[in-house]
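# A closer look at the structure
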There are 2 protein chains.
Amino acid sequence: MQLEITKIDKIMPAVILVAPQMGENIGAAARAMLNFGLTQMRIVAPRDGWPNQKAIDMAAGAFETIAPPQIFETLAGALHDLQVVYATTARPREMIKPVFTPRAAAQDAITHEQNGAKIGFVFGAERTGLTNAEIAQCHNIITAPLNPDFSSLNLAQAVLLIGYEYFIARDTTAALKLEHGKSEIAPHADLEQFLSRLEKQLDEKGFFRSEDLKPTVQRNIRALFTRSLPSEQEIRTLQGILTALTQK
Amino acid sequence: MQLEITKIDKIMPAVILVAPQMGENIGAAARAMLNFGLTQMRIVAPRDGWPNQKAIDMAAGAFETIAPPQIFETLAGALHDLQVVYATTARPREMIKPVFTPRAAAQDAITHEQNGAKIGFVFGAERTGLTNAEIAQCHNIITAPLNPDFSSLNLAQAVLLIGYEYFIARDTTAALKLEHGKSEIAPHADLEQFLSRLEKQLDEKGFFRSEDLKPTVQRNIRALFTRSLPSEQEIRTLQGILTALTQK
């Protein structure tokens, strides 16, 4: 989430759509791109020309933020200034190319970017995908692991997965955080004060039937309240509950 | 790719759609699920009832493979037998819950599954998402890292990302492989035989102008041909090229 998109714009990878047919898919691809901060779209031979109103309608405003798409007649034209290019394919081809997962490709691309290279991710037309001649112009292949019995990603979803992995590979979001809203996790003493009070009250009420088992039961109660990492506010709530329940 | 989907079916996570509005989105979600081997769909209070022809039309056949969706009136009903449940949200809520990235959530879910727990991933209605009351019923939150200035995932795309991470976390696809088609990487001797022959021919043609620089130039040529890990077939091709170019 802390990604500074403006900073990496200069070396932002290009997303190249080859011969896309439906304007809606171009728009959905632009939207998928911008979700992950990708702003450089190139389109090779769009069937319905460019600009395309259906693309703009589908993009949910994405075209107002990304760079204006560049239009090319040939894939070679779209790749002219790129140095490391990844072709996305759904199935293996009889071609000697490194085949990356999206995750490994993202890492590889970023490594090349760190060395100053300009990157491209190439996506084929709906249904048919990239031809072998198109793939031959690319340095690498990306194939996403999918259910072998049902592989059915549309164009925007393919762009989404590559964009996601690229974004994640640069991202610094904590894998897990405990959302505490406006209240902090309670200091240990607050929890301890509550637990001691609870134990004292339980003792007075005759809750601990056996002195032998008392330490175990106390330990279990402490484990329950401790592992939830209660906030300061929650400790106050628990104290209030205890007060309410023990009222005469 | 080596995932045996039938084996994990018994403990397959449930995907719960809460109050989805458009049948098309339910169908697209089913399709997204099956791409990653998820077959258990539950739907809470679908606006247009169930079954829904628009959902089936959009699913590209996915409903023929996944289990028949289970329909519930309430989220509590849909969660009744689940033990660890993740609510997907686009924005932080004022609630004390662990917030996972999709990747960390997938790992966490699989860990719980390995301990025998049944998992659920919950997705809110289009546009509005899950209410705070719905999220409160779930154990954990998943929020995907997205461009903070343009977060625009549709329902099926959200399902896609969670399904993808879950699938990947179980997947054993090599991150990178060199696709050699029907031909293997050439044994070293084949490459060496070609390189020696090339050097001999170059020597005869007076290519190496300076005896001092010859070792360096030879080394550079060897590096070029070696780092591409040529296949047996490619070595034969190179030998053919050399024969053709040196013909009288």
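Residues numbered from 1 in each chain as written. Chains lettered and ligands numbered in written order. Predicted model: local features only at pLDDT ≥ 70, side-chain atom pairs only at ≥ 80, totals over all residues. Heavy atoms only, no water.

## Some details on the interface of chain A and chain B
At the interface, 54 residues of chain A touch 54 residues of chain B. A combined buried area of about 4700 Å² lies between chain A and chain B, and 62% of that area is made up of carbon and sulfur atoms. Counting across the chain A and chain B interface gives two salt bridges. We note a salt bridge from R103 of chain A to E165 of chain B, for which the minimum N-O separation is 2.8 Å. Applying the counting rule to chain A against chain B returns 12 residue pairs in polar contact (both at pLDDT 80 or more). When contributions to the side of chain A that touches chain B are tallied by element, the ones reaching two or more residues are α2 (23–35), β5 (97–100), α5 (102–114), α7 (155–170) and β8 (176–179) of chain A. In terms of residues, the side of chain A that touches chain B owes the most to one element, α7 of chain A, which gives seven residues. (Contact = heavy atoms within 4.5 Å. Buried area = accessible area lost by both parts, 1.4 Å probe. Salt bridge = Lys/Arg side-chain N within 4 Å of Asp/Glu carboxyl O. Polar contact = N/O pair within 3.5 Å; in protein donor to acceptor, adjacent residues only side chain to side chain. Helix = DSSP H or I, 4+ residues; strand = E, 2+ residues; numbered from the N terminus.)

## So, the packing of aromatic side chains
Aromatic rings considered in pairs are described by the distance between their centres and by the relative angle of their planes. Counting across every chain of the model gives 17 aromatic pairs over all chains. Ring plane angle 70 degrees and centroid distance 6.3 Å describe the contact between F121 of chain A and Y166 of chain A, whose orientation is recorded as edge-to-face. Here F121 of chain A is found in strand β6 (residues 119–123), whereas its partner Y166 of chain A is found in helix α7, with 45 residues between them in sequence. Considered together, F121 of chain A and Y166 of chain A belong to a single accessibility category, that of buried residues. Three or more aromatic residues joined by ring pairs make a cluster, and in this case those are F36, Y164 and F167 of chain A together with F36, Y164 and F167 of chain B. (Phe/Tyr/Trp six-rings, centres within 6.5 Å; stacked < 30°, edge-to-face > 60°. Buried < 20%, exposed > 50% of the residue type's maximum accessible area, 1.4 Å probe, protein only.)

## Thoughts on the pattern of salt bridges
Following the criterion strictly, the structure yields 18 salt bridges over all chains and no others. Through salt bridges with shared partners, a single network forms among R103 and E165 of chain A together with R103 and E165 of chain B.

## Examining the nonpolar core
In terms of nonpolar packing, the biggest core is built from 85 residues, with M41 of chain A together with M41 of chain B touching the most fellow members. Those residues within four positions of M41 of chain B in sequence are excluded, and the remaining contacts are V15, L17, I26, A29, A30, M33, F63, I66, P68, P69 and Q70 of chain B. (Core = buried A, V, L, I, M, F, W, Y, C linked by side-chain atoms within 4.5 Å.)

## Section: the confidence of the model for chain A
Confidence along chain A averages 88 in pLDDT terms, with 94% of residues attaining 70 or more. Considering only residues more than four positions removed or in separate chains, one finds that residues 1–9 of chain A, a stretch of pLDDT under 50, has 18 contacts. (pLDDT = per-residue confidence, 0-100.)

## Some points on helix α5 (residues 102–114) of chain B
Residues and elements named next belong to chain B. The end-to-end C-alpha distance of α5 is 18 Å, a good match for the 18 Å that 13 residues give at a rise of 1.5 Å each. What α5 keeps buried is the set P102, A104, A105, A106, D108, A109, I110 and E113. Count one or two residues on from α5 and you reach G116, which has phi positive near 95 degrees. (Expected span 1.5 Å × (residues − 1).)

## Regarding the packing of α5 of chain A against α7 of chain A
Residue and element names in this part refer to chain A. Taken N-terminus to C-terminus, the directions of α5 and α7 make an angle of 55 degrees; their axes are 8 Å apart at the nearest point. Comparing their axes, α7 and α5 come out oblique. Where α5 crosses over α7, the two elements pack in a sense that is right-handed. Contacts between α5 and α7 pair P102, R103, A106, Q107, I110 and E113 from the former with I162, E165, Y166, A169 and R170 from the latter. Here the contact of α5 with α7 is composed, by residue class, of six nonpolar, one polar and four charged. (Axes fitted to C-alpha atoms, helices over the stretch in contact; angles between N-to-C directions. Parallel < 35°, antiparallel > 145°, perpendicular 65-115°, else oblique. Left-handed = near helix turned anticlockwise from the far one by under 90°. Nonpolar A, V, L, I, M, F, W, Y, C, P; charged D, E, K, R; others polar.)

## A short note on unusual backbone geometry
Here the amide bond leading from W50 of chain A into P51 of chain A is cis, since omega sits at 5 degrees, within 30 degrees of zero. Residue position: P51 of chain A is located in the loop between β2 (40–44) and α3 (53–58). Look at A19 of chain A: it is not a glycine, yet its phi comes out positive at around 50 degrees. Looking at the element boundaries, A19 of chain A is found in the loop between β1 (14–18) and α2. In this model, A45 of chain B sits at a positive phi of 45 degrees, which is unusual for a non-glycine residue. With respect to the secondary-structure elements, A45 of chain B resides in the loop between β2 (40–44) and α3 (53–58). Its relative accessible area of 37% is what places A45 of chain B among the partly exposed residues.

## Notes on the pairing of strand β4 (residues 84–88) of chain B
Residues in a regular strand project their side chains so that they alternate between the two faces of the sheet. Residue and element names in this part refer to chain B. By the criterion of burial, β4 is predominantly enclosed, with five of the five residues buried. One ladder, built from four bridges, connects β4 with strand β6 (residues 119–123); its direction is parallel. Counted as the bridge partner of V84 is I119 from β6. Where β4 lies against strand β7 (residues 140–142), three bridges are found, and the strand directions are parallel. Counterpart to Y86 in the pairing with β7 is N140. (Pairing = 2+ DSSP bridges.)

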